[in-house]
Amino acid sequence: MPLPPEPVLRAAVRWLERLPTSGHRRCRALFSAHADFSDLTPTQYDAAYSWLGETGLLDAGVGRAPIPQQVFEAAILQLPWFQDADVLVQEPGELPEDALHAAEALGLDKLQAFQHVHSMWGKVDVEQRMRIGSAGETALVDLLKTSLAAQVDHVSQYSDGHGYDIEVADVALQLHIEAKTTLRRRRLTIFLSRHEYETMIHDPSWQLVAIRLSAELTAEAVCSVPTEWIRRNVPQDRGFSGRWESCRLHVPLDHVSSGIPRVTPLFQETRSPILDGTVAW
């Protein structure tokens, strides 16, 4: 959904400010007849009302946040660059022009716009990671069960204390897989907890595996991230008074291995090409 024009954004604020007490018909009449609102056309007010319906703001009601902030965040959420805002917009000066135009129309300064962009990105990112993370683990378990002559146990379904999500067990091999899921094709970003990291340090069977899903949440590719690379790139505690508890790692794609090489001895003839490395990450 493209960014609405500046007059439509201003009209959207006026709708949200008055709808709770006046209703649609009275607001529409007010905007059409009163001189205070004649700077915008009836067409622009109608476009703003339709846009509010498309974003869900009409159904959500008036939230606690100021209305201009709600309108700004709803507009930004629809823009194509927003999903990569954590990388593309790391300071106020890196805000795209469309975000700056929207902020100006709604009376927000550059710092406020930057803060709202990253606040919204954080909320959306957490929700998405929970949703696709569960789907990724399930997809990986299914691939392992149909590809390996081994017992596959989805341990995170009954405990999150292991420091990994999936256990593969056989007489000849044991593997503890920490699964990370992404929908992105050209970038691999993982979030690692301190508990997962310390499990990696002490457990030679631990392996971080990323699974890429399609928009329909079906498995497209799998890769393995080297433990040594993780060890070199996590933050370092600098004293007894401070300790990192989680971190975000951007993994260069030339450092990963397609598939899961460590389970090669357990492959059956029916193995998935996603797991044996035939499908490149």
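Structural notes, computed from the coordinates.

1. Structural notes on the pattern of salt bridges
Where charged atoms from two side chains of opposite charge come close, those side chains can pair.
Thinking step 1. For the structure on display, the rule yields 19 salt bridges.
Thinking step 2. The partner of Asp-39 in a salt bridge is Arg-14, and the shortest N-O contact between them spans 3.0 Å. Remark: Arg-14 occurs in helix H1 (residues 6–33) and Asp-39 occurs in the loop between H1 and helix H2 (42–55); sequence separation between them is 25 residues.
Thinking step 3. On the basis of relative accessible area, Asp-39 is assigned to the partly exposed category, the value being 44%.
Thinking step 4. For Arg-14, a relative accessible area of 14% translates into the label buried.

2. Some words on the environment of Met-120
Thinking step 1. In this structure, Met-120 sits in helix H7 (residues 110–147).
Thinking step 2. Residue classification places Met-120 among the buried positions, given a relative accessible area of 14%.
Thinking step 3. In sequence terms Met-120 and Pro-265 are 145 residues apart; their C-alpha atoms lie 45 Å from each other.
Thinking step 4. For Met-120, the contacting residues outside a window of four places in its chain are Glu-73, Leu-77 and Phe-82.

About the cut-offs
- Every chain is numbered on its own, with residues counted from 1 as its sequence reads.
- Only residues with pLDDT of at least 70 are given local features in this predicted model, and only at 80 or more are side-chain atom pairs given and counted; all residues enter the totals for whole chains, interfaces and linings.
- Excluding hydrogens and water, the side-chain figures rest on all heavy atoms present in the structure.
- By definition, a salt bridge exists where a carboxyl oxygen of Asp or Glu is found within 4 Å of a side-chain nitrogen of Lys or Arg.
- Secondary structure elements follow DSSP: runs of H or I no shorter than four residues count as helices, runs of E no shorter than two count as strands, and numbering proceeds from the N terminus.
- Each residue gets one of three labels from its accessible area relative to the maximum for its type: buried under 20%, exposed over 50%, partly exposed in between, using a 1.4 Å probe on protein chains only.
- The contact rule is simple, with two residues in contact once any of their heavy atoms fall within 4.5 Å.

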